Amino acid sequence: MLLETIEHANDIKKIRKEDLNILAQEIRDFLIRTISVTGGHLGSNLGAVELTMALHLALNLPEDKIIWDVGHQSYTHKILTGRKDGFESLRQFHGLSGFPKRKESDCDVFDTGHSSTSVSAGLGLVMARDITGGKHTIVSVIGDGSLTGGMAYEALNNAAKQETNFIIILNDNKMSISENVGGVSKYLNNIRTASGYLDLKKGIYNALQRTKRGDSTISRIRRAKSSFKQLVIPGMLFEDMGITYLGPVDGHDISSMVSVINDAKRVEGPVMIHVLTQKGRGYKPAERHPARFHGAEPFDIETGIPSHPRTVANYTDIFSTVMCKLGQRDEKIVAITAAMPDGTGLKRFAAAGGDYGLRLAVGLVEREVEAEGAPRFYVVSAGYGISYGTFHAGKEDGVVNRSRRRRGILVIETGTQVEVGGGHRDRIAGQGTQIVGTAAGKVLRETVIRAFRIRKCQEGAGNYLAAVR
């Protein structure tokens, strides 16, 4: 098998070009086989196989740097950097992390776990490179979902001022591309990134600037060029910000992506490559139900059905049921979710006619909710995740730390008795806040969430509920 020859970073470059698609299939088979046993993020990783391979072919790791937004789609990156054998312990104690970790490999440069942070992190690395006189390439990979976060746009705004190379890859898995736009866009991309064109453009602008009316002439040329591009290039939002846009590119065509990445490396300034991928590609159950296989439990490969289906409700199920009942009683209730209606149990609430869709960072809870005197506020999925590690820790810290200044807050966490609540009980003792620690997988005989009036519920690992009252 070709996959067995990948033991270190850059080993992929030893694979013959005609065998790359075979390697891609072997990686997909490995991911499906492994995650069916351990659980993990399947859909996003199946969609990013060729994209990751192209990055490793076009870059030289670890000298060049890749920053993965969130990081849950970095499994192929881990495989191509010699960590394949660690997948047997994926997301287990002392095992392979489900996210990039610098302590695992010098090819991981940023310990991600939250969305919308990759562009700002990449920009910081770009500035550090320039200050120290480095010449290496830095790439931030961000999904179309993460691009909805405000932090990403703040970073893009700052990146637009850069005069040195910075590559941003937009991994868009919505597959929305028009043939006529795609063809013209591809033609223009080839012209705009060709060495001759770049040299000619730079030479013309430099010559014009030395003339009496050079600046005004250059301004008119740029306006005319932008007007034409507006008709045929779908990425004018980024172009108008000052970021060169290339794409859309087929995210499952390795050769095309290697070519456009190499083209992007020649651009002096920030450049965005718009890559179209399919979530769950190569595994029919994940293609049909991408949300279900975002964070998959162990499953049967043939059917895609969980190997150990839950027979009792977990906290997310209970929260979903109670929210629906509360919504039926009070039409003023609005649910807030950071683009995770399935994972937070709010999809049923929306289907029942409730309102949801607003986004609120827990960092803003104090200002937007507590300081305004909101009578009731619930936070779902906050805390130290059994399987997510540090992914939700920041949210939990935000809830608990702010709880120190507010009385009447009930925080219910899951996990083992040792993992949960110990340090926090000491930190907020006497501050009017109750913390209840629960053991994962055990019946909570008399656990009462007063705001919900729930008794005798069974907990499923990995979900957390904080009721702010």
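Here the structure is a predicted model, which is why all the values come from computation and not from measurement. (Residues numbered from 1 in each chain as written. Predicted model: local features only at pLDDT ≥ 70, side-chain atom pairs only at ≥ 80, totals over all residues. Heavy atoms only, no water.)

1. Side note on the packing of aromatic side chains
Thought 1: On inspection of all chains with the given rule, the structure shows six aromatic pairs.
Thought 2: An angle of 75 degrees between the planes, with centres 5.5 Å apart, marks the rings of phenylalanine 30 and phenylalanine 87 as edge-to-face. Note that phenylalanine 30 is positioned in helix α1 (residues 20-38) and phenylalanine 87 in the loop between α4 (75-80) and α5 (118-131), a separation of 57 residues in sequence.
Thought 3: The class of phenylalanine 87 is buried, set by a relative accessible area of 1%.
Thought 4: Aromatic pair tyrosine 75 and phenylalanine 87: ring centres 5.7 Å apart, planes at 75 degrees, arrangement edge-to-face. Placement of tyrosine 75 in helix α4 and of phenylalanine 87 in the loop between α4 and α5 is noted, with a sequence separation of 12 residues between them. With respect to burial, tyrosine 75 and phenylalanine 87 carry one shared label: buried.
Thought 5: Put simply, the rings of Phe30, Tyr75 and Phe87 pair up and form one aromatic cluster. (Phe/Tyr/Trp six-rings, centres within 6.5 Å; stacked < 30°, edge-to-face > 60°. Helix = DSSP H or I, 4+ residues; strand = E, 2+ residues; numbered from the N terminus. Buried < 20%, exposed > 50% of the residue type's maximum accessible area, 1.4 Å probe, protein only.)

2. Brief notes about the nonpolar core
Thought 1: Judged by nonpolar contacts, the single largest core of 53 residues is most densely connected at Ile27, Leu31, Leu42, Met53, Leu55, Ile169 and Ile273.
Thought 2: Looking at this core element by element, the count peaks at eight residues for α1.
Thought 3: Not counting residues within four places of it along the chain, the set of residues in contact with isoleucine 273 comprises Ile167, Ile168, Ile169, Leu170, Leu246, Val249, Val260, Ile261 and Ala264.
Thought 4: Counting residues in hydrophobic clusters, the runner-up holds 20 residues, among them Leu123, Ala160, Phe166 and Met272. (Core = buried A, V, L, I, M, F, W, Y, C linked by side-chain atoms within 4.5 Å. Contact = heavy atoms within 4.5 Å.)

3. Considerations on the pairing of strand β5 (residues 270-276)
Thought 1: Counting buried positions over the seven residues of β5 gives seven, a clear majority of the element.
Thought 2: Pairing analysis gives seven bridges linking strand β3 (residues 166-172) to β5, with the strands arranged parallel. Residue pairing in the sheet places phenylalanine 166 in a bridge with proline 270 of β5.
Thought 3: With five bridges connecting them, strand β4 (residues 244-250) and β5 associate as parallel partners. The partner of tyrosine 245 across the bridge, within β5, is methionine 272.
Thought 4: Each parallel crossover has a hand, and for β4 linked through helix α11 (residues 254-264) to β5 it is right-handed. (Pairing = 2+ DSSP bridges. Right-handed = clockwise from strand over helix to strand, strands pointing away.)

4. So, the confidence of the model for the protein chain
Thought 1: Overall, the prediction assigns the protein chain a mean pLDDT of 74, with 64% of residues at 70 or greater.
Thought 2: Long-range and interchain partners of residues 357-363, a stretch whose pLDDT sits below 50, account for 22 contacts in this model, where long-range means more than four residues apart.
Thought 3: The low-confidence segment residues 380-387, where pLDDT is below 50, has 28 contacts with residues more than four positions distant or belonging to other chains. (pLDDT = per-residue confidence, 0-100.)

5. With respect to the pattern of salt bridges
Thought 1: Here the structure, examined in full by the defined rule, presents 13 salt bridges.
Thought 2: Two residues, glutamate 4 and lysine 84, come together in a salt bridge whose shortest N-O distance is 3.6 Å. Taken together, the positions of glutamate 4 in the segment before α1 and lysine 84 in the loop between α4 and α5 put the pair 80 residues apart, joining distant regions of the chain.
Thought 3: Of the residues examined, lysine 84 reaches a relative accessible area of 14% and is grouped as buried.
Thought 4: Ionic pairing is found between arginine 129 and aspartate 130, a salt bridge with its closest N-O pair at 3.0 Å. (Salt bridge = Lys/Arg side-chain N within 4 Å of Asp/Glu carboxyl O.)

6. Section: helix α3 (residues 49-58)
Thought 1: Counting buried positions along α3 gives nine out of 10 residues, so the element sits mostly inside the fold.
Thought 2: Considered for burial, the residues of α3 that qualify are Val49, Glu50, Leu51, Thr52, Met53, Ala54, Leu55, His56 and Ala58.

7. Considerations on the sheet that holds strand β1 (residues 65-68)
Thought 1: In space, the five strands of this open sheet follow the order β1-β2-β3-β5-β4, with parallel pairing throughout. Each of the sheet's edge strands pairs with one partner strand only, and the pair in question is β1 and β4. For this sheet, the mean angle separating the axes of adjacent strands, direction not counted, is 20 degrees.
Thought 2: Lying over the sheet, α3 contacts β1, β2 (138-143), β3 and β5, oriented at roughly 160 degrees with respect to β1.
Thought 3: Its contacts with the sheet put α5 on β1, β2 and β3, and the angle it makes with β2 is roughly 175 degrees. (Axes fitted to C-alpha atoms, helices over the stretch in contact; angles between N-to-C directions.)

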